[in-house]
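Chain by chain, the residues:
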Amino acid sequence: MTSTPSSTPYSVPPQAVPPPSARPELRRSRTDAVLGGVSGGLARHTGTDPVLWRVGFVGLSVAGGVGVLLYLLLWVLVPQEPLGPGEEARPVDRFVDDLQARLGGPGATASRG
């Protein structure tokens, strides 16, 4: 016995493909900050938990000290979220903003309110 092809072709209805989700811009977090907001900003950017980033930095620090250097480097190079209405920058954030301005970094004047 042979089978005969069906008279109607099988077609799959087109599925709605969701648009690619845009990642938030990489910025240091003001709301989820323990030291400089680097882990909170990385977590928001990647969609992960900030604790994972903090554990990663601590693990790298214990395993050779590169975690501290990497955190400090990101603290200086990654711009901070803009200030909200009525917010004032912490003194350490002002220092980092001034350092970014001197270096001509990416967020040299973005976080000034």
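Only a predicted model underlies this, so the values are computations on that prediction, with no experimental measurement involved.

Summed over the entire model, instances satisfying the criterion amount to one cavity of 30 Å³ or more. Of the voids in this model, the largest cavity is the one considered here, and its volume is about 40 Å³. What lines the largest cavity is Leu26, Arg27, Arg28, Gly37, Val38, Gly41, Leu42, Leu74 and Val78. Among the elements that take part in the lining of the largest cavity, helix H1 (residues 38-46) stands out by supplying three residues, more than any other. Residues that form the lining of the largest cavity fall into these classes: five nonpolar, two polar and two charged.

A few words now on the layout of surface pockets. Taken as a whole, the largest pocket encloses approximately 230 Å³ of empty space. The set of elements that each furnish at least two residues to the lining of the largest pocket consists of H1, helix H2 (50-62) and helix H3 (66-77).

Calculation rules
Residues numbered from 1 in each chain as written. Predicted model: local features only at pLDDT ≥ 70, side-chain atom pairs only at ≥ 80, totals over all residues. Heavy atoms only, no water. 1 Å grid on protein atoms, 1.4 Å probe; cavity = no way out; pocket = protein on both sides within 12 Å on 5 of 7 lines; lining within 4 Å. Points joined across faces, edges and corners; volume = space filled by probe spheres on them. Helix = DSSP H or I, 4+ residues; strand = E, 2+ residues; numbered from the N terminus. Nonpolar A, V, L, I, M, F, W, Y, C, P; charged D, E, K, R; others polar.

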